[in-house]
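Residues per chain, in single letters:
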There are 2 protein chains.
Amino acid sequence: MVHIPNQQPAQRSVPTSADVARLAGVSRATVSYVLNNTSAVRISEPTRRRVHDAARELGYVPHAAARSLRAGHSRMVLMPTSEIPMGLLFSTFFNELQWALSRLDYTVVQYASLGMTGEDAARAWAELRPVAVLAPDASALGPRGVTVLKRSGAKAVFTLGPQRVEGAHALLMDGRRVGRAAALHFLARGRRRIGAIVPTEAGLEMFWQPRVAGLRETVEATGTHGATVTELSLGYSEESAARLAARWRDLGVDAVFAYNDEYAMLLMRALQDEGIDVPGDTAVIGSDDLMLGRLLRPRLSTVRIDLPSGRSLAELVDRVVRDPGAEPEVHDVLGADVVHRESS
Amino acid sequence: MVHIPNQQPAQRSVPTSADVARLAGVSRATVSYVLNNTSAVRISEPTRRRVHDAARELGYVPHAAARSLRAGHSRMVLMPTSEIPMGLLFSTFFNELQWALSRLDYTVVQYASLGMTGEDAARAWAELRPVAVLAPDASALGPRGVTVLKRSGAKAVFTLGPQRVEGAHALLMDGRRVGRAAALHFLARGRRRIGAIVPTEAGLEMFWQPRVAGLRETVEATGTHGATVTELSLGYSEESAARLAARWRDLGVDAVFAYNDEYAMLLMRALQDEGIDVPGDTAVIGSDDLMLGRLLRPRLSTVRIDLPSGRSLAELVDRVVRDPGAEPEVHDVLGADVVHRESS
DNA sequence: TTGAAAGCGATACCAC
DNA sequence: GTGGTATCGCTTTCAA
C-alpha cells in the first residue's frame with residue numbers, strides 16, 4: 001500500500017532502537033544495554049546519557065512483541081472471558097486476581113473467544129503464547145485443549161469453575177455446596193417441600209445448575225421423609241415474580257432457595273405483595289450475601305460464598321509457572337455457609 | 001541457562017513452521033501459503049494435504065507475536081483498567097464494548113497498570129503496540145500520554161469518562177447531568193434543602209464528584225431562593241447509615257440525592273428505621289435504576305443513566321482505526337433522566 | 001508450483 | 001567499554 005503523508009506532517013514511523021542508536025551515535029547493542037541496565041556490562045556515563053537523551057527525544061518505547069519473541073517467553077497470563085455477565089461476587093474475585101497477578105509482574109490479558117469451543121478456542125489462545133491460562137470453564141476446554149496449550153509453551157493451565165479437566169490444575173468452585181448448605185438449613189428447621197428458584201436468563205446455567213444439584217442431592221441423601229425439591233423458573237423482572245407469586249399457594253412449597261440474593265429479593269417482595277407470610281408460610285434464602293438483602297424486612301437469609309483471596313491464587317499461579325513439572329493439583333476453593341437472618 | 005529435560009520426557013520444544021516444513025518435506029514459505037490460504041499463490045492439493053497433516057501431527061500453532069512483528073501492526077485494542085470496582089452499569093457497558101470489538105476481529109486486552117500515571121502508564125501501554133487504546137480516565141493520561149501512544153503507532157486513542165484530553169477522541173460521560181436531573185426534579189417539587197450522599201469508599205471520586213458538581217451547579221444556576229446543597233458522607237454499611245440517620249433531623253434536609261441506588265437504598269432504610277417519613281419528611285433519589293430499587297417501599301426514585309450500545313462504540317473505534325487522520329471528536333454519550341417512583 | 005532469502009525489532013554472545 | 005551479528009518465528013517478494 002502506498003502511503004502518502006498528508007495531513008499528518010510529523011507522521012514519522014515508530015522509532016526503533018536502531019533509530020536511537022543512530023541518533024546517539026552508538027550501536028543498537030549499546031542502546032539495549034543502557035536501556036535495560038544490563039549489569040553484566042558497564043557502559044560509560046557519557047554514553048548512557050547520550051542514549052537516554054536520544055531515546056527521550058525520539059519518544060522511543062521498546063516493542064514488547066519483538067522482545068518476547070527474542071526472549072522465547074512472555075509473562076502473559078490469559079484469562080478467557082465468556083459473554084455471560086457473572087454476578088458481583090465473581091467479577092470482584094476476578095478483578096482481585098487480575099490485580100494480584102499484575103502485582104507479580106504478569107501482564108493479564110482478558111480475551112473474548114466468541115463461541116469457539118474446546119480445541120479451537122485453545123488454539124486461538126495458544127497463538128498468544130501465554131505463560132499461563134486461567135480458563136473459567138473446564139468443560140469447554142477439554143483435555144485436548146489443555147494439551148494444545150501446553151504444547152504451545154504454557155507453563156500453567158488452570159481451570160476455575162465447577163468442573164475440572166485432565167492435565168490442568170483446578171480451582172474447583174463447587175456450587176453444589178451452596179445448595180447443600182441451604183438444604184441442610186431448611187431440613188433442620190423442619191421444612192420439607194423445597195422450591196429452587198432458577199433464572200430463565202440464558203447463560204447462567206453454569207452457576208445455578210450445580211447449586212440446585214447440591215440441594216437435590218442433599219435432600220435425597222438425608223432421606224428425610226416427604227422432602228421434595230421443585231424447580232421454579234423466574235425471570236429477572238417484577239412481572240415474572242408476580243406471576244410466580246400468583247400461583248404460589250398451589251405449589252405447596254414451604255421453603256425456597258433462590259439462585260442468588262437478587263432473585264430471592266425479587267421473589268420475596270412478590271410473595272409479600274401476594275399476602276404470603278415470609279418466613280411463616282414460606283421460608284426464603286438467597287445466596288451471595290449481598291448487602292442489600294439486609295435492607296428488606298424480614299432481612300434476607302443467605303448462603304455466604306467464600307472465595308479465596310486473589311492474592312493467594314496469584315501466588316499459586318506464580319508457583320506453578322516457576323515449577324511447571326509439578327503434578328496438577330485440585331484446589332477446592334469454594335466455601336459456603338448459611339447466614340441466618342429473618343427470612344428463613 | 002542449561003536445560004536438562006527431567007520429569008517431562010515428551011517436553012519437545014514448541015513446534016514452529018520450520019518443523020512443519022521439515023516434516024512435510026516442503027519449505028517454510030509453502031507452509032505459510034497453505035496455512036494462511038494465500039490466494040495469490042496456488043499450491044497443489046497433495047502438498048496442501050501434506051502440510052495440513054504435518055501441522056496437525058505436530059500440534060502446530062502460529063506465533064501471534066512473530067506474525068504481527070512481521071506484519072508491522074496488530075489488531076489489539078488496549079483497555080487499561082483501574083483497580084476501583086465500578087458499578088454494575090459501567091461494567092456491563094465495558095463488557096458489551098469488549099464483545100462488540102472482538103466481533104469486529106479485534107483482540108481486546110485489559111491491562112492493569114498499577115499506580116502508574118500519565119506518561120509512565122502510556123509508555124507501558126505503548127510497548128504492546130496496540131492499534132487502539134480506550135482509556136477510562138483522561139486526567140491520568142494527559143496530552144503527553146496521548147502523544148506517546150500515537151508515536152508508538154496507535155491509530156485511535158479514546159478516553160471514556162467525565163473528562164477529555166487534547167489529541168484524543170472522547171466518549172464524554174458527563175456525570176454532572178445526573179446531578180442536574182436530580183436537582184431539577186427536587187426543585188420542581190418544592191424541595192429546597194438538598195443533601196448529596198457521597199461514598200466514603202476510596203477511588204469512587206471519579207464517579208460521584210461530577211454528579212455532585214452537577215447538582216450544585218444546577219441549584220445555583222436556577223437561583224432558587226433558599227436552596228442549598230449539603231454533602232453527606234456515607235460508608236457502605238448499615239452502621240454508617242444508622243449513624244447518619246441518627247443525626248438526620250438536625251441536618252434539616254428535605255431531599256437527598258444519593259451517589260447511586262445502593263447508597264440510596266441503604267440510607268432510605270436507615271431513615272425509615274429512625275421514623276423519618278420518605279418522601280414526606282425527606283425525598284430520596286438514587287441513580288443507575290437498579291431493579292432492586294423497585295422492591296423497597298416506597299419504591300425508589302432514581303436517575304436512569306443512558307449509555308450507548310457497545311456495538312455502536314465498537315464501530316466508532318473501528319472507523320477511527322481505519323481513518324486515523326481524522327480530527328479527534330468528542331461524543332457526548334451519557335444521558336440522564338429521572339425515573340419518578342415513590343420515594344421523591 | 002515451490003524455494004531461497006530478506007527483514008520485522010530487540011537481545012546477548014563473542015570479538016575487539 | 002563498545003560494536004558486529006546471529007537469532008527468535010513468521011510473511012512475502014523475487015527467482016527458479
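Predicted model, so just to flag it, every value in this text is computed and none were measured.

Visitor: Describe the UniProt feature "domain: HTH lacI-type" (unreviewed entry) in chain A, and please don't skip the residues or the numbers.
Guide: In the numbering used here, UniProt assigns the feature "domain: HTH lacI-type" (unreviewed entry) to residues 15-71 of chain A. Along residues 15-71 of chain A, the helical share is 68% and the strand share 0%, with 21 Å between the first and last C-alpha atoms.

Visitor: Lay out the relation of the copies chain A and chain B in plain terms, naming residues and giving numbers.
Guide: Screw-axis analysis of chain A against chain B gives a translation of 0.0 Å along the axis, an RMSD of 0.1 Å, and a rotation angle of 180 degrees. Viewed as a symmetry operation, the transformation between the two copies matches a two-fold axis. An overlap of 100% is found between the interface residues of chain A and their copies at the interface of chain B, pointing to a shared contact surface.

Visitor: Could you give me a rundown of the protein's contact with DNA strand C, with the residues and numbers involved?
Guide: In the vicinity of DNA strand C, 28 residues are found, and the nearest of them are A:Ser17, A:Arg28, A:Tyr33, A:Arg70 and B:Thr47. Among atoms of DNA strand C positioned within 4 Å of the protein, sugar and phosphate together represent 59%. One of the side-chain N or O atoms of A:Ser32 is found 3.3 Å from a phosphate oxygen in DNA strand C. Separating a base oxygen of DNA strand C from a side-chain N or O atom of A:Arg70 is a distance of 2.4 Å. Those elements giving two or more residues to the surface near DNA strand C turn out to be helix H2 (28-36) and helix H4 (64-71) of chain A together with helix H2 (28-35) and helix H4 (64-71) of chain B. At five residues, H2(A) tops the list of elements feeding residues into the surface near DNA strand C. Grouping the constituent residues of the surface near DNA strand C by class yields 13 nonpolar, ten polar and five charged.

Visitor: Describe unusual backbone geometry, naming the residues involved and giving the relevant values.
Guide: Here the bond from A:Arg297 into A:Pro298 is cis, since omega is -5 degrees, no more than 30 degrees from zero. The residue after B:Val278, namely B:Pro279, is reached through a cis peptide bond having omega 5 degrees. At A:Asp105, a residue that is not glycine, the phi angle is positive and equals roughly 75 degrees. Topologically, A:Asp105 is positioned in the loop between helix H5 (88-103) and strand E2 (107-112). For A:Asp105, a relative accessible area of 54% puts it in the exposed group.

Visitor: Tell me about the protein's contact with DNA strand D, and name the residues and values.
Guide: In the vicinity of DNA strand D there are 27 residues, among which A:Thr30, B:Ser17, B:Arg28, B:Tyr60 and B:Arg70 approach most closely. The sugar-phosphate portion of DNA strand D accounts for 60% of its atoms within 4 Å of the protein, the bases making up the rest. B:His63 has a polar backbone atom sitting 3.1 Å from a phosphate oxygen of DNA strand D. Interatomic distance of 2.8 Å between a side-chain N/O atom of B:Arg67 and a phosphate oxygen of DNA strand D. Those elements giving two or more residues to the surface near DNA strand D turn out to be H2 and H4 of chain A together with H2 and H4 of chain B. At four residues, H2(B) tops the list of elements feeding residues into the surface near DNA strand D. Along the lines of polarity and charge, the residues of the surface near DNA strand D split into twelve nonpolar, ten polar and five charged.

Criteria and cut-off values
- Residues numbered from 1 in each chain as written.
- Chains lettered and ligands numbered in written order.
- Predicted model: local features only at pLDDT ≥ 70, side-chain atom pairs only at ≥ 80, totals over all residues.
- Heavy atoms only, no water.
- UniProt positions renumbered as here; feature names shortened; annotations may be inferred.
- Helix = DSSP H or I, 4+ residues; strand = E, 2+ residues; numbered from the N terminus.
- Least-squares fit on C-alpha atoms with pLDDT ≥ 70 in both.
- Contact = heavy atoms within 4.5 Å.
- Near = heavy atom within 4 Å.
- Polar contact = N/O pair within 3.5 Å; in protein donor to acceptor, adjacent residues only side chain to side chain.
- Nonpolar A, V, L, I, M, F, W, Y, C, P; charged D, E, K, R; others polar.
- Buried < 20%, exposed > 50% of the residue type's maximum accessible area, 1.4 Å probe, protein only.

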